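Letter by letter, the chains look like this.
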Amino acid sequence: MDTTDKTAYRVEEGADLEARRLEYLGAMFDPASTALLERLVRPGDHVLEVGVGGGSIARWLADRVGPDGRVLATDIDLQFAGEPPANLELREHDITVDPLPEASFDLARARGVLQHLDRREDALERMVAATKPGGWVVAEDADFWTFESQAIPEPLATVCRTLQDAYTEMSGHDRYLGRRLVPFLRGAGLVDVDAEGHVFAMHGGQPSAEWYFLGIARAGPALVSAGLFDEDTLTRALTQARDPDFAALSPIAVAAWGRKPA
Ligand SMILES: C[S@@+](CC[C@H](N)C(=O)[O-])C[C@H]1O[C@@H](n2cnc3c(N)ncnc32)[C@H](O)[C@@H]1O
């Protein structure tokens, strides 16, 4: 994409932006997620994927559990989930309120979902209830400490912070949940809780940066309408984010997992 074209962020529909954002998110975060899941998921398992998004992990899980296993993948919005293989069921479902079978899954996981939810305790409790005794619950969420503690150019830094603050005010979004995942899982009654995290360099205009900045491109116009910053500020911020010379450390992608007591 031409990084000098200041209208580039206006010509795509919101749905196209979101499909591409989810694709890049998968490209950047799937390798660490699947490395962990390879340790926890076996052929024949029954797995719950909450907030399926673009569906890349759900399809990986379906392949991993094989023909004797099953995957149930849920989301409040399934439009980006793609075509499911035979052993993958896609279900429109809100993890905070909709029913799930009790004690049915060998593993239940959610990546980049719980931190967005005001009722994240309820969501985790329901994931634990749906897991078999002895099964695993995995939560993966970002911690923006690394991203926010480095020198990001202005106005990009302010636009990022304003957007995150607006999400928190609107929906209780917690951009620092990553650092709290271990006590969060232990507080839900899980045992053998462990965690790991990874960071990577975000390069301007590349998938390593666009998985995040496409979200700003999508939400930015609403924040301009709300008067949180003006259109010129948004355009300058997004142009900085796509400058090939831009490079920054990503938020920490924290994965935590624990076992439901047998
Ligand atoms: C940041 S995306 C992450 C998608 C995917 N888990 C991934 O890591 O690639 C968050 C996803 O959670 C879904 N979501 C948000 N609230 C939800 C809820 N209450 N129940 C189920 N899914 C939800 C969104 O629709 C979106 O697909």
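Residue numbering note: each chain is counted from 1, following its sequence as written. Residue-level local features of this predicted model are given only where pLDDT is at least 70; pairs of side-chain atoms are given and counted only at 80 or more, and the full residue set underlies all totals for whole chains, interfaces and linings. Hydrogens and water molecules were not included; the side-chain quantities draw on all heavy atoms of the structure.

Draft legend 1. A look at the site of the ligand. It suffices for a single heavy atom of a residue to lie within 4 Å of a molecule or strand for the residue to be listed as near it. Of all residues adjacent to the ligand, which total 14 residues, the nearest are G51, D75, D94, I95 and R111. Contacts to the ligand include I95, whose backbone N or O atom sits 3.0 Å from a nitrogen atom. A distance of 2.6 Å is found between an oxygen atom of the ligand and a side-chain nitrogen or oxygen belonging to R111. Starting from 590 Å² of accessible surface for the ligand in isolation, the protein chains cover 87%. By residue class, the composition of the shell around the ligand is six nonpolar, five polar and three charged. Counting of polar contacts relies on pairs of N or O atoms within 3.5 Å, with two restrictions inside protein: one atom must be capable of donating a hydrogen and the other of accepting it, and residues adjacent in sequence are counted only when both atoms are side-chain atoms. To be clear on the numbers: accessible area is Shrake-Rupley with a 1.4 Å probe, and residue cover counts the displayed protein chains and nothing else. Each residue receives one of three labels: charged for Asp, Glu, Lys and Arg, nonpolar for Ala, Val, Leu, Ile, Met, Phe, Trp, Tyr, Cys and Pro, and polar for the others, Gly being one of them.

Draft legend 2. Inspection of the nonpolar core at higher detail. Only buried residues count toward a nonpolar core, which is a set of Ala, Val, Leu, Ile, Met, Phe, Trp, Tyr and Cys residues joined through side-chain atoms within 4.5 Å. Residue burial is assigned from relative accessible area. The probe radius is 1.4 Å, only protein chains are included, and a residue is buried under 20% of its type maximum, exposed over 50%, and partly exposed in between. Counting residues in hydrophobic clusters, the biggest one holds 33 residues, and the most contacted among them are F147, L156, M202, W211, Y212, F213 and I216. Segments assigned H or I by DSSP are reported as helices when at least four residues long, segments assigned E as strands when at least two residues long, and all are numbered from the N terminus. Those elements that provide at least two residues to this core are α1 (14-40), α5 (156-171), α7 (207-225) and α8 (231-241). Broken down by element, this core gets its largest block of residues, nine residues, from α7. Throughout, a contact is declared for two residues whenever any of their heavy atoms are within 4.5 Å. Among all residues touching M202, those that are not within four sequence positions of it are F147, S208, A209, W211, Y212, F213, F246, A247, A248, L249, S250 and P251.

Draft legend 3. Main features of the side chain of N87. Along the chain, N87 turns up in the loop between β2 (70-75) and β3 (88-92). Side-chain polar atoms of N87 contact the backbone oxygen of G66, separated by 2.9 Å. Other than its neighbours up to four places away in sequence, N87 contacts A62, V65, G66, P67, G69, R70 and V71.

Draft legend 4. Here's a closer look at the packing of α1 against α7. The axes are straight lines fitted to the C-alpha atoms, using for helices just the contacting stretch, and the angles between their N-to-C directions are given from 0 to 180°. It is at 8 Å that the axes of α1 and α7 come closest, and there the two elements cross at 150 degrees. Here α1 lies roughly antiparallel to α7, going by the angle between them. In this structure, α1 meets α7 at a crossing whose hand is left-handed. For the pair α1 and α7, contact is made by G14, L17, E18, R20, R21, Y24, L25, M28 and F29 and by P207, S208, E210, W211, L214, G215, A217 and R218, respectively. Here the residues of the contact of α1 with α7 are counted per class, giving nine nonpolar, three polar and five charged. In these notes the angle categories are as follows: under 35 degrees is roughly parallel, over 145 is roughly antiparallel, 65 to 115 is roughly perpendicular, and the rest is oblique. Note on convention: near helix rotated counterclockwise from far helix by under a right angle means a left-handed crossing. Clockwise means right-handed.

Draft legend 5. Layout of the packing of α5 against α7. The N-to-C vectors of α5 and α7 enclose an angle of 75 degrees; their axes lie 10 Å apart at closest approach. Here α5 lies roughly perpendicular to α7, going by the angle between them. On α7, the residues touching L156, V159, C160, L163, Q164, A166 and Y167 of α5 are Y212, F213, G215, I216, A219 and L223. In terms of residue class, the contact of α5 with α7 is made up of 11 nonpolar, two polar and no charged.

Draft legend 6. Spatial organisation of the sheet that holds strand β4 (residues 105-111). Strands are treated as partners if at least two bridges between them are detected by DSSP. Reading across from one edge, β3-β2-β1-β4-β5-β9-β6 is the order of the seven strands in this open sheet, with mixed pairing throughout. Lying at the two open borders of the sheet, with one neighbouring strand each, are β3 and β6 (191-198). Between one strand axis and the next, the sheet turns by 15 degrees as a mean value, whatever way the strands run. When strand β5 (residues 131-143) meets strand β9 (residues 252-259), the two strands line up antiparallel, connected through eight bridges. When the sheet's bridge partners are listed, V138 is paired in β9 with W257. Against the sheet, α1 contacts β4, β5, β6 and β9, and its axis sits at roughly 155 degrees relative to β4. Against the sheet, helix α2 (residues 56-65) engages β1 (46-50), β2, β3 and β4, with an angle of about 165 degrees to β2.

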